[in-house]
Amino acid sequence: MKLDAAFFDTLSRLRLSMGHKSSMNLSGNRKSVQKGSSTEFSDFREYMPGDDIRRIDWNAYGRLDRFYIKEYMEEKEAVVSILIDTSASMNYGEKKKSDLAAMLAATMAYIGLGNMDRVLIYDMQRMDVPFVANGGKRAFPRLADWLEQRSFDGRADIVEALKRLPAKGPGMTIVISDFLQEDFVDQGRETVKKLLRFLDYRRQKAVFLHVLAGEELSIGMTGTRNLIDMEDKSTLRLTLDAASIRIYEKAIQEFITGFEKECAIAGAVYAVCSTEVDFYKLIFQDLRMLYDI
């Protein structure tokens, strides 16, 4: 799918909602809890020896006969970490999950760069070599090239990838995956809870974008089939009838609902991103909870 200029123009008006104030010692467009020299007024405090006398409020001195200093909010750069699942299962679907995952990563990165955030994109299978982008939108073409070079094969360990995420202060961590791994399928909500606790400890606003193919959400196949695991190549012969399809669709809905509930409890963002949903609708309607509007 080709994204046009109007799409990026609309993206430019959005800003990722971090859910907290940044405290990174970098320059950007986020309001910090530290006091600095931007033009947005924050508060008054009494003058202390060593303060810049240019910040003395002489009107307050005239009224109160005491020196007060004007404090301003300092502009800071937030860190947006995007982890993309590059395992073989992401190559599934008539409309491939891998294509949607790359587009989601590019979109979130573009919004971050547009607000002068520092964006780090991680291939989950190569966590030691992230793509680091800052300095605004001019970094986006190189970032897009990096995404195009990703190969979706082998296996990725989501839990281990998150554990290897460097501690870079408070920010937002966006995980883009189909989450079809044993830790999530077998242990379900318990795995999600552990990850949410870990990200909270790291002072991260957690965002989970659950990428699924239309064929995974609504089974259209019937009859006896040989199902092949795209990662370990094991096979399973299965007869797909109305009863087995109902069991599967109930199971995946319970999986999604459990994931969603744990995120809601923790104040994290969770969204199912289907390859069958129009991408414009997905970004501007379904994911609107991600933005400061």
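Please read these numbers as outputs of a predicted model, since none were measured by experiment. (Residues numbered from 1 in each chain as written. Predicted model: local features only at pLDDT ≥ 70, side-chain atom pairs only at ≥ 80, totals over all residues. Heavy atoms only, no water.)

**Structural notes on empty space enclosed by the protein**
As enumerated under the stated definition, the model contains 1 cavity of 30 Å³ or more in all. Volume-wise, the largest cavity comes out at about 80 Å³. In this structure, the largest cavity is lined by Val 79, Ser 81, Tyr 122, Leu 165, Pro 166, Ala 167, Lys 168, Gly 169, Arg 202 and Gln 204. Considering only residue class, the lining of the largest cavity consists of 5 nonpolar, 3 polar and 2 charged. (1 Å grid on protein atoms, 1.4 Å probe; cavity = no way out; pocket = protein on both sides within 12 Å on 5 of 7 lines; lining within 4 Å. Points joined across faces, edges and corners; volume = space filled by probe spheres on them. Nonpolar A, V, L, I, M, F, W, Y, C, P; charged D, E, K, R; others polar.)

**Focus: helix H7 (residues 189-201)**
Owing to its 3.6 residues per turn, the α-helix aligns residues three or four sequence positions apart on the same side. Between its first and last C-alpha atoms H7 spans 18 Å; for 13 residues at 1.5 Å apiece the expected length is 18 Å, and the two agree. Within H7 the residues assigned to the buried category are Thr 191, Val 192, Leu 195, Leu 196 and Leu 199. The buried residues of H7 occupy one face: seen down the axis, they fall within an arc of 130°. For H7, the exposed residues lying more than 90 degrees away from the buried face are Arg 197, Asp 200 and Tyr 201. Elements that come into contact with the buried residues of H7 comprise helix H5 (158-163), strand E6 (171-177), helix H6 (182-187), strand E7 (204-212) and helix H9 (242-266). Among the residues trailing H7, Arg 203 stands out with phi positive, at a value near 60°. (Helix = DSSP H or I, 4+ residues; strand = E, 2+ residues; numbered from the N terminus. Expected span 1.5 Å × (residues − 1). Buried < 20%, exposed > 50% of the residue type's maximum accessible area, 1.4 Å probe, protein only. Arc of directions from axis to C-beta. Contact = heavy atoms within 4.5 Å.)

**Side note on H9**
Across its 25 residues, H9 extends 37 Å between first and last C-alpha, which sits within 8% of the 36 Å expected from 1.5 Å per residue. Tucked into the core, H9 has its buried residues touching H6, H7, E7, helix H8 (214-217) and strand E10 (269-274).

**Some points on the environment of Ile 158**
With respect to the element layout, Ile 158 can be found in helix H5. On a C-alpha basis, the gap between Ile 158 and Leu 83 in space is 8.8 Å, while along the polypeptide they are 75 residues apart. In this structure Ile 158 touches Asp 85, Met 124, Val 175, Ser 177, Phe 179, Gln 181 and Phe 184, once residues within four positions along its chain are discounted.

**Quick look at unusual backbone geometry**
Non-glycine residue Met 116 carries a positive phi angle of around 65°. Position of Met 116 relative to the elements: it lies in the loop between helix H3 (97-114) and strand E4 (118-123). At Phe 179, a residue that is not glycine, the phi angle is positive and equals roughly 55°. The residue Phe 179 is located in the loop between E6 and H6 in this model.

**Topic: the packing of aromatic side chains**
Under the defined criterion, the tally for this structure stands at 16 aromatic pairs. Geometry around Trp 146 places Arg 150 over its ring, the cationic atom sitting 3.9 Å from the centre. (Phe/Tyr/Trp six-rings, centres within 6.5 Å; stacked < 30°, edge-to-face > 60°. Lys NZ or Arg CZ within 6 Å of the ring centre and 35° of its normal.)

**Structural notes on the nonpolar core**
Counting 46 residues, the largest nonpolar core has Ile 82, Leu 104, Met 108, Leu 143 and Leu 287 as its most contacted members. Sort the elements by how many residues they give to this core and H3 lands first, with 11 residues. In this view, Met 108 contacts Leu 16, Ile 82, Ile 174, Ile 283, Leu 287, Leu 290 and Tyr 291; residues no more than four positions away in its chain are not counted. Counting 29 residues, the second-largest nonpolar core is a separate cluster that includes Met 124, Met 127, Leu 195 and Ile 256. (Core = buried A, V, L, I, M, F, W, Y, C linked by side-chain atoms within 4.5 Å.)

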